[in-house]
Amino acid sequence: MYWKEKFCLPLGYVLWFCCAVTSIIVPAQSPQPIHSGRPTPMSRQCPSLVNFPTQCRIMAQCSVWWAELVKSPQSVCTNQVESPLWRACCPAIVGGRNRIGVMSEQSLDSEILTVSSPELARISKFGQSEVGRVAGIEARLLEHKAFLMPGSTAFAYFINMKPSDEAAPLGEQGLMVTRSTQKLKEVMRLSNEAAGIATQTLSVKDTPLAGTCIPDPTCRTSKYRTIDGSCNNLKSPLMGRSNTQLGRYLAPDYDDGVWESRDKGMPNSRTVRTVLAPDHDRVQRDVTLMLMQFGQFIDHDITHVPVFQLANGSGISCCTPDNKHQSWELRHPHCFTLDILPGDAFYRQFRVECINFVRSMVAPRSDCTFGYAEQLNQVTHWHDASTIYGSTQFQSDILRERKGGRMKTFSYQNRQLLPLDWKNNDCIGFEKGLRCFLSGDSRVNQLIGLTVMQTVWHREHNRVAGELARVNPRWDDEKLFQEARRVVIAELQHITYNEYLPVLLGSRPVMEAYGLLPRTSGFFTGYNDTVNGNVFNEFSTAAYRYGHSMVSHWFELVDDNGATYDRLHVKDWFNNPHPLLKADVLDGVMRGLTISNPEASDELFVSDLTNMLFKTPESKHGGDLIAFNIWRGRDHGLPGYNAYRGLFGLRKAKTFSELNDLFTPETIDKMASLYKSPEEIDLYLAGMSEKVDSSSGILGHTFLHMVADQFARLKEADRYFYETGDQSGSFTIDQLNEIRKSSLAMIFCLNSDGIKNIQPLTFRPLSDINPRLPCSAIPTISFAPWREP
Ligand code: HEM
């Protein structure tokens, strides 16, 4: 643990600012002198901004100063006579390691358990036999055709949760260790805490379960990341690798301490959802729908926890086709159905009693010990564009064209779309001869906005490969592919840290405190191989699902004049990306994302997600994503919201009324009507219901800090982070300065079918300082610094 972590954590949030080491916003060089002859855009005297001297920079490099620029429109310094690029006066940001103590994981001091080897072997065999027992049950289910059928909502949900071929066997291995730990608890009569924590002092290595331990790969220093994320941290080569466990801030609170879901005596999760988060709309005017869409694209880059499936790859069916509970003989042990109570105002009309829900896969523990269950992340934890490239070598190989460093495409009416997925029949429209698209992430077809993002970034790879081939005609396919991938990951990271996070986390103060601000020049020197770069369970199962609240009822299709000419209703288009075959839809959706506003990030959600999730043409209703989020939190054993108040420096509430620092009286009353004590409150909806301080973005206190901390980890622990200097994968300073010119507006201009106008900051709505401009006003990257002699 860092000294900063040690020091800051107990002192908590109240004192967290004490730990910021340096200020990194430094006076810029004075404005450049006026050149004799032609004036340059930089020649204009820049006014200072909040007392910092400034310089005329391309707009994207001023994005973290948005709040100040809005109040100071005279800061725009574009001189269109000289250059069409849209610019503003803003300060420089240089400096590096200045984050406050990134939250450490809970230290788990525990008693040492001693169990004889033969006893441990016997218990381990029990774990193995449990997997055999499940296989027996599954054989019976298959015989009775008790599995999910295409066309149903449950099936449409399952294909978004399906384990990859590589992940599926690991779930079984994780299960053997988990079941053995439960047996240990029973045999040794351990308390819940000892069962989950003290058992971690026992290694699996010398037992029949030794085969579940994940061996460390052999690493060599390389300029390029591995596809599966291994060997990023040379001391812990498995850190961030696909198919490894999520991290955690706090030890889980499973009902048995090991894996039983945190559910005993808890209120029904659909009821919690309908009471705390009624269907209602509230639009957020100061950001664009892009904030939602980019957020989901990033989420899919860093986390995907699959659910258990049947041995033959079919989905587990926990409810009957008419939405009643499956009979006990046909009930799979990994079912965790969402029960619908008789009074449910929406589902009652369809007589729904049961909604399919299956438990998340558990991972073999990375430390190769017994202990509580951890969930499996089947994609790389790193922010490395695995959505484009895949998270295993096998996935990557399928996607590559093996010519010119390019990725495969499907050429349709002279437009390059994602390749078709010939092995996947699961998209709506398949029966009409339409295919799903294939990409590095299996959720690519979920909704059209996401498929658009995937397509645009896929095209960006091929565009970059082409540019690199132009400056280096002698490079072979492998070199072009790896180098293009490296550039695209850097562009994506730059856009995340430079444009997206400042909007999400509210411009500078939080960004600065967590060391998230991108520099305007020089390298980042804060790489730290002692920081855990894995995605944390609380982040993926709760905090980062904030985005569900921003989803609108529809994706607007917008023409080049900014007028909406059509809408695709979310509830009608799950798993159906085929509108993209129509010529104008890609651009129409892209423009819509940059122009329309999302729903506000709060405790309100659109009915497309709360009643209609994964509705298919054959069904009249869908699932409830928000109830699923709560349920998933209990499946993963996430402790209640109150436990995280302690972690994030707030006073733990002993009574409901003590929650009045962050909740409205109305929300507190609702919570008191649902839960027996503050300890029970589920993390997800509490986090979404916290009051938001608009100066710190759109998230409440708890989620703000969880999200900031996660992105600090993803930066600081990533040896290949694009700004990091002095590492085998580092860019040259000239290359890095080119990457710094990239923006999401640039990606859209260069990879659309024909977008001609866009605002420079696409997460921000149109305004005087962020007007709709021709693409020629958006800077692009020069590949000259990549030219090799
Ligand atoms: C556009 C509409 C969206 C749909 C239909 C959707 C759907 C889903 C579904 C079905 C799950 C799995 C639920 C479960 O645990 O059973 C999920 C998980 C998740 N979603 Fe969304 N989502 C959407 C948008 C977003 C956005 C905008 C964000 C973030 C900004 C987001 C973040 C997440 C995260 C972090 C997870 C957990 C992923 C994992 O670890 O497996 N989602 N979403």
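Residues numbered from 1 in each chain as written. Predicted model: local features only at pLDDT ≥ 70, side-chain atom pairs only at ≥ 80, totals over all residues. Heavy atoms only, no water.

Going by an unreviewed UniProt entry, the protein carries the name Chorion peroxidase and comes from Daphnia magna. What UniProt states about the protein under its Subcellular location (unreviewed entry) heading is, verbatim, "Secreted". (UniProt positions renumbered as here; feature names shortened; annotations may be inferred.)

Summed over all chains, the structure comprises 32 aromatic pairs. Between Phe52 and Trp65, the aromatic rings sit 6.0 Å apart at their centres with planes inclined by 65°, giving edge-to-face as the arrangement. Of this pair, Phe52 sits in the loop between β1 (25–26) and β2 (55–58) while Trp65 sits in the loop between β2 and α2 (66–70); the two residues are 13 residues apart in sequence, bridging distant segments of the chain. Relative accessible area serves as the criterion here: at 23%, Phe52 is assigned to the partly exposed category. Here Trp65 falls in the buried class, since its relative accessible area comes to 0%. Between Phe346 and Tyr347, the ring centres sit 5.0 Å apart and the planes meet at 75°, which makes this aromatic pair edge-to-face. For the pair Phe346 and Tyr347, one class covers both residues: buried. Through a chain of ring-to-ring contacts, the aromatic side chains of Tyr497, Phe524, Phe539, Tyr544, Tyr546, Phe711, Phe721 and Tyr722 assemble into a single cluster. The aromatic ring of Phe126 is capped on one face by Lys183, whose charged end is 4.5 Å from the ring centroid. (Phe/Tyr/Trp six-rings, centres within 6.5 Å; stacked < 30°, edge-to-face > 60°. Helix = DSSP H or I, 4+ residues; strand = E, 2+ residues; numbered from the N terminus. Buried < 20%, exposed > 50% of the residue type's maximum accessible area, 1.4 Å probe, protein only. Lys NZ or Arg CZ within 6 Å of the ring centre and 35° of its normal.)

Another aspect to go through is the confidence of the model for the protein. Residues at a pLDDT of 70 or more form 92% of the protein, whose mean pLDDT is 91. Counting interchain partners and residues more than four positions distant, the pLDDT-below-50 stretch residues 1–24 has 51 contacts. Contacts for the low-pLDDT stretch residues 26–43, under 50 throughout, to residues beyond four places or in other chains number 26 contacts. The ipTM, which scores confidence in the relative placement of chains, is 0.99 for this predicted complex, and the corresponding pTM is 0.94. (pLDDT = per-residue confidence, 0-100. Contact = heavy atoms within 4.5 Å.)

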